[in-house]
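Single-letter residue listing:
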Amino acid sequence: MSAVLRIVNRVLLGLVGLLFVALGGSVLAVGLGLNPPSWWIHDGKDDVLLSDAERTRWHDDGWWWPTVIAVLAVLLLLALWWLTAVLRRRRLSEVLVDTGDGEGALLRGRALESVLTSEAASMDGVHRAHTHLTGRRNAPETRVRLLLEPHVDPGAALTELTAQALTHARESAGLASLPAEVRLRAAKHRAERVS
């Protein structure tokens, strides 16, 4: 997910959550007997949010239903765009390899991910590894997640990953650089008894 999409996602989730908390909390507070301000849409315990007069106010006007349908359609399209943007996996399907003869070769992204994953998982002290290629096919980036054994120094594991797996992948694909985001996590383990 790109940085802009992450920001839009967080802002939209925050605004929707804030709106639901404010409206739901205010209706609950009024329902429990709190006196609302005079400008509030909900007057008391037995009040409805929309009266018959408010619901049918513009019913006979010709512009009302097309406007309502257009606004709801735009909201539906925005919600669907948001949902697909959040659920879409931005996996790089192929990497363009410069062969040096003016042509190029395509390397399957999953093949490079598989090699990176197996080389990272074979490092000393790595319990499990996972890689994910993102970016553009002529400028790939990678995300690496390592689950480390409890005794492993994270700095040493990061240095070994950079010197071995990432360097091998960058050199074998003929890339000038291969930016990587590495997330390290320690594997959970049971306490050991000392006797």
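Since this is a predicted model, take the numbers as computed values, not measurements.

Enquirer: Help me out: how do you make sense of the nonpolar core in this one?
Expert: Looking at soluble globular proteins, one finds that nonpolar side chains tend to be buried together. Counting residues in each nonpolar core, the largest one holds 22 residues, and the members touching the most others are Val 95, Val 126, Leu 146, Leu 148, Leu 161 and Leu 166. Within the residue set of this core, elements represented by two or more residues are strand 1 (94-98), helix 4 (109-121), strand 3 (126-136), strand 4 (139-148) and helix 5 (154-172). With 5 residues, helix 5 is the single largest residue contributor to this core. Contacts of Val 95, omitting those with residues within four sequence positions, involve Ala 105, Leu 106, Leu 107, Leu 112, Leu 133, Arg 137, Pro 140 and Leu 175.

Enquirer: Explanation requested: the pattern of salt bridges in the structure shown.
Expert: A pair can form between side chains of opposite charge whenever their charged atoms are brought close. A full pass over the atoms with the stated rule returns 1 salt bridge. For Arg 183, the salt bridge goes to Glu 181, with nearest N and O atoms at 2.9 Å. For Arg 183, a relative accessible area of 52% translates into the label exposed. Residue class for Glu 181 comes out partly exposed when judged on its relative accessible area of 35%.

Enquirer: Teacher, can you tell me more about the sheet that holds strand 4 here?
Expert: In spatial order, the strands read 3-4-5; together these 3 strands make up an open sheet with mixed pairing. What marks the edges here is a single partner per strand, and that holds for strand 3 and strand 5 (180-186). Direction aside, neighbouring strands of the sheet carry axes that sit 10° apart on average. Direction of pairing for strand 3 relative to strand 4: antiparallel, over a ladder of 10 bridges. Looking at strand 4, one finds that Arg 136 is bridged to Ala 139. Lying over the sheet, helix 4 contacts strand 3 and strand 4, oriented at roughly 150° with respect to strand 3. Sheet strands touched by helix 5: strand 4 and strand 5. Its angle to strand 4, the strand with the most contacts, is close to 140°.

What counts, and at which threshold
- Each chain has its residues counted from 1, following the order in which its sequence is written.
- Local features in this predicted model are restricted to residues whose pLDDT is 70 or higher, and side-chain atom pairs enter the listing and the counts only when it is 80 or higher, whereas totals over whole chains, interfaces and linings include all residues.
- To get the side-chain values, take all heavy atoms of the structure and skip hydrogens and water.
- Among the buried residues, those of types Ala, Val, Leu, Ile, Met, Phe, Trp, Tyr and Cys that are joined through side-chain atoms within 4.5 Å form a nonpolar core.
- For each residue, the accessible area found with a 1.4 Å probe, counting protein chains only, is set against the maximum for its type, and the residue is called buried under 20%, exposed over 50%, and partly exposed in between.
- Secondary structure elements follow DSSP: runs of H or I no shorter than four residues count as helices, runs of E no shorter than two count as strands, and numbering proceeds from the N terminus.
- What makes two residues a contact is simply this: any of their non-hydrogen atoms within 4.5 Å.
- Salt bridges are counted wherever a side-chain nitrogen of Lys or Arg sits within 4 Å of a carboxyl oxygen of Asp or Glu.
- Any two strands between which DSSP finds at least two bridges are classified as paired.
- Interaxial angles span 0 to 180 degrees and are taken between N-to-C directions of axes, which are lines fitted to C-alpha atoms, for helices over the stretch in contact.

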